[in-house]
Amino acid sequence: MSTRRKFLQTSVLSSAAVLTGKQILADTIALPKPVVNTPIVISTWDFGKTANIAAWEILAQKGRAVDAVEAGVRIPEADPTNHTIGYGGYPDRDGYVTLDACIMDEFYNCGSVMALQHITHAISVARLVMEKTPHIVLAGDGALQFALANGFKKENLLTPESEKAWKEWMKKAKYEPEMNIENRLYDKDKDPMPGGPDNHDTIGMLAMDAKGNLGGACTTSGMAFKMHGRVGDSPIIGAGLYVDNEIGGATSSGVGEEVIRIVGSHLVVELMRQGLKPEAACKEAVQRIIKRNPEKSKKIQVGFVALNKKGEYGAYALQKGFTISVRSNKEESVYASKSVY
Ligand code: SD4
């Protein structure tokens, strides 16, 4: 400890020692207030940087976090070069593009769609489920009917590029989730094709607005070439996303089955409630996945990102290559997450 810090500490302590009651309240030096870094938006992966820009436009104008995250994740949903989200997502093994998404606001309101077909902006359908129905989840045909009844237009989400990748995959038809390449930075021109590393490009986004309220969104086409009807962690409240406005939020990307087993995002938030910083909470959740099946955990990718009420954020993953994009008044950055392996 520096001599100056020691001196300040001793002098505060000794002056407090001779003061009593109201005097102490008036005269002691106040502890520094926790630094609140708000507004802020964080998202999974490097392409989250572009999504964060759309979210930031809302946050910078003092908009609500839930509006910001919806606007943010709509960007990759509409990007045909991202094969794990929305339009252009890789299909399931039967050739159907099925989307999973969920959203949560600062009041524990939440909405989710599972295995939704034909609608690019699954997140906006999830938002309407949250706001217009007495339910939290709509799945399959019911979700599509609800979307169409609310003005969404039926589209073909299978692009020629994704169809080509699927047909290529069909030659062997081997379902084997691959993990991302070490520290890969998104490059549209180099993005590899069929069932390659971009098997893991779900966007999960968390934001804290100017009022200090939280919101979160998660949207994906799920694991490429999955079984028809398979639903991952992304639309499951508590697994792929959780927001508790008292504590913070968390979201995930990677092999959803492993995240569901440990109710990963809820776990991360509860660990933060117990006092862990975001990165430590994410690490603990990752360790739990390893504990269940150490061998399997070496071959798959799962990453968590978390944000707490002070605007502190962190991430942790099983494998190298997981990245996190951050936008606040202080920075616009992409970080490589720490990982176990
Ligand atoms: C899923 N968690 O469906 C998703 C996939 C994913 O990046 O994260 N891809 O299991």
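We now turn to the structure provided with this report.

Definitions and limits used
- Residues numbered from 1 in each chain as written.
- Predicted model: local features only at pLDDT ≥ 70, side-chain atom pairs only at ≥ 80, totals over all residues.
- Heavy atoms only, no water.
- Helix = DSSP H or I, 4+ residues; strand = E, 2+ residues; numbered from the N terminus.
- Contact = heavy atoms within 4.5 Å.
- Areas by Shrake-Rupley, 256 points an atom, 1.4 Å probe, with all protein chains shown as cover.
- Buried < 20%, exposed > 50% of the residue type's maximum accessible area, 1.4 Å probe, protein only.
- Pairing = 2+ DSSP bridges.
- Axes fitted to C-alpha atoms, helices over the stretch in contact; angles between N-to-C directions.
- 1 Å grid on protein atoms, 1.4 Å probe; cavity = no way out; pocket = protein on both sides within 12 Å on 5 of 7 lines; lining within 4 Å.
- Points joined across faces, edges and corners; volume = space filled by probe spheres on them.

### Observations regarding the overall build of the protein chain
Along the backbone of the protein chain there are eleven helices and twelve strands. Contacts in the protein chain between residues at least 24 apart in sequence constitute 65% of all its contacts with a sequence separation of at least 6. A total accessible area of about 15500 Å² is found for the protein chain, and carbon and sulfur atoms account for 56% of it.

### As for the side chain of S162
Examined against the element boundaries, S162 turns out to sit in helix α7 (residues 160–170). Among the residues examined, S162 registers a relative accessible area of 0% and is labelled buried. Not counting residues up to four positions away in its chain, the partners in contact with S162 are H83, G88, G89, Y90 and P91.

### Overview of the sheet that holds strand β4 (residues 137–139)
Reading across the sheet, the eight strands line up as β4-β3-β2-β6-β5-β1-β11-β12 and stay open at both edges, with mixed pairing between neighbours. The sheet terminates laterally at β4 and β12 (332–336), the two strands that pair on one side only. Neighbour-to-neighbour, the strand axes of the sheet open up by a mean angle of 10 degrees, direction not taken into account. Alignment of strand β11 (residues 323–328) against β12, held across five bridges, turns out to be antiparallel. Residue pairing for β12: I324 is matched across the bridge by Y335. Against the sheet, helix α4 (residues 65–77) engages β2 (99–104), β5 (203–208) and β6 (214–220), with an angle of about 155 degrees to β5. In the packing of helix α6 (residues 140–149) onto the sheet, contacts are made with β3 (110–116) and β4, and the angle to β4 comes to roughly 105 degrees.

### Observations regarding empty space enclosed by the protein
Enumeration over the complete set of coordinates arrives at one cavity of 30 Å³ or more. For the largest cavity, the calculated volume is near 70 Å³. Lining of the largest cavity is provided by 13 residues; of these, T202, G222, D233, S234 and G254 occupy positions nearest its centre. A per-element tally of the lining of the largest cavity places strand β8 (residues 248–254) first, with three residues.

### Thoughts on unusual backbone geometry
A cis amide bond links T38 to the next residue, P39, at an omega of 0 degrees. With a phi close to 50 degrees, A115 is a non-glycine residue in the positive phi region. Relative to the helices and strands, A115 resides in strand β3. Even without glycine at this site, V263 takes up a positive phi of about 45 degrees. Looking at where V263 falls in the secondary structure, it is placed in the loop between α8 (256–261) and α9 (264–273).

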